[in-house]
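Coordinates in review
Here are the chains, one letter per residue:
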Amino acid sequence: QLVESGGGLVQAGGSLRLSCAASGRTFSTSAMGWFRQAPGKEREFVAGISRSGGSTYYADSGKGRFTISRDNAKNSVSLQMNTLKPEDTAVYYCAASQASWGALVPVAVFQYAYWGPGTLVPVSS
C-alpha cells in the first residue's frame, strides 16, 4: 500500500514536496516512480529511482526542476518540485514495481504494480 501526501495549491514559480509512505510490505527491492495525470490526458511518467537509489531518471518536463529521492529505512520516496508551472497541474501518483529492475529505472505505467490513490497539485498562474 502506498499513500501520497504533500499536494495542494501552489502558485507558479513555487515549490512543493510530495511524499509517499509505503506499508504492508517493504519496497526496498522495488524501483519507485512518480507519475501524473492531468484532466483529459493519459497518465505520464515524471521521475523514477532504482531500488538502491543509485539511479534516477526524469521526464524532460521535470529535468532540472524535480528531484526524486528515497529512504529505504523508512520505506518512503519523495519528489521535490521547484519552479512549478501551470502545466504541472495534475494528480500525482506514487508507484512501485513488482520486479527489482536492479540499477534500471522503469518508465512505463505497466511496469509498476503498486499505486497510491494520488494527490492533487494545482498550480495557479
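Structure: see above.
Definitions and cut-offs
Residues numbered from 1 in each chain as written. Predicted model: local features only at pLDDT ≥ 70, side-chain atom pairs only at ≥ 80, totals over all residues. Heavy atoms only, no water. Disulfide = S-S within 2.5 Å. Helix = DSSP H or I, 4+ residues; strand = E, 2+ residues; numbered from the N terminus. Buried < 20%, exposed > 50% of the residue type's maximum accessible area, 1.4 Å probe, protein only. Pairing = 2+ DSSP bridges. Axes fitted to C-alpha atoms, helices over the stretch in contact; angles between N-to-C directions. Contact = heavy atoms within 4.5 Å.

1. A look at the state of the cysteines
Here a disulfide denotes a covalent bond joining the sulfur atom of one cysteine to the sulfur atom of another. The tally for this structure, following the rule as stated, stands at 1 disulfide. There is a disulfide in this structure between Cys20 and Cys94, and the S-S distance comes to 2.1 Å. Between Cys20 and Cys94, the S-S torsion sits near -80 degrees, and that sign places the bridge as left-handed. You can see Cys20 sitting in strand 3 (residues 16-22) and its partner Cys94 sitting in strand 9 (residues 90-96), a full 74 residues away along the chain. Exposure class is identical for Cys20 and Cys94. Each is buried.

2. As for the sheet that holds strand 3
Spatially, the 4 strands line up as an open sheet ordered 1-3-8-7, and their pairing is antiparallel. In the strand order of this sheet, the two ends are held by strand 1 (2-5) and strand 7 (66-71), each with one partner. Within the sheet, the average angular offset between the axes of one strand and its neighbour, ignoring direction, is 15 degrees. Where strand 1 and strand 3 come together, 4 bridges link them in antiparallel fashion. Across the sheet, residue Glu4 finds its bridge partner in strand 3, namely Cys20.

3. Quick word on unusual backbone geometry
Despite not being glycine, Asn75 has its phi angle at roughly 55 degrees, a positive value. Among the structural elements, Asn75 can be located in the loop between strand 7 and strand 8 (76-81). Look at Thr83: it is not a glycine, yet its phi comes out positive at around 50 degrees. Along the chain, Thr83 turns up in the loop between strand 8 and strand 9.

4. Quick look at the environment of Phe66
Considering the arrangement of structural elements, one finds Phe66 in strand 7. Between the alpha carbons of Phe66 and Asn82 there is a distance of 6.2 Å; along the sequence they are 16 residues apart. With residues near it in sequence (within four places) discarded, Phe66 still touches Arg36, Val46, Tyr58, Leu79, Gln80, Met81, Asn82, Leu84, Asp88 and Tyr92.

5. Here's the deal with the pairing of strand 7
Only one face of strand 7 is buried: it carries Phe66, Ile68 and Arg70, and the other face, with Thr67, Ser69 and Asp71, is open. Pairing geometry for strand 7 and strand 8, over 6 bridges, is antiparallel. Paired with Thr67 across the bridge in strand 8 is Gln80. Two successive antiparallel strands, strand 7 and strand 8, enclose a turn made up of 4 residues, where Asn75 displays a positive phi of approximately 55 degrees.

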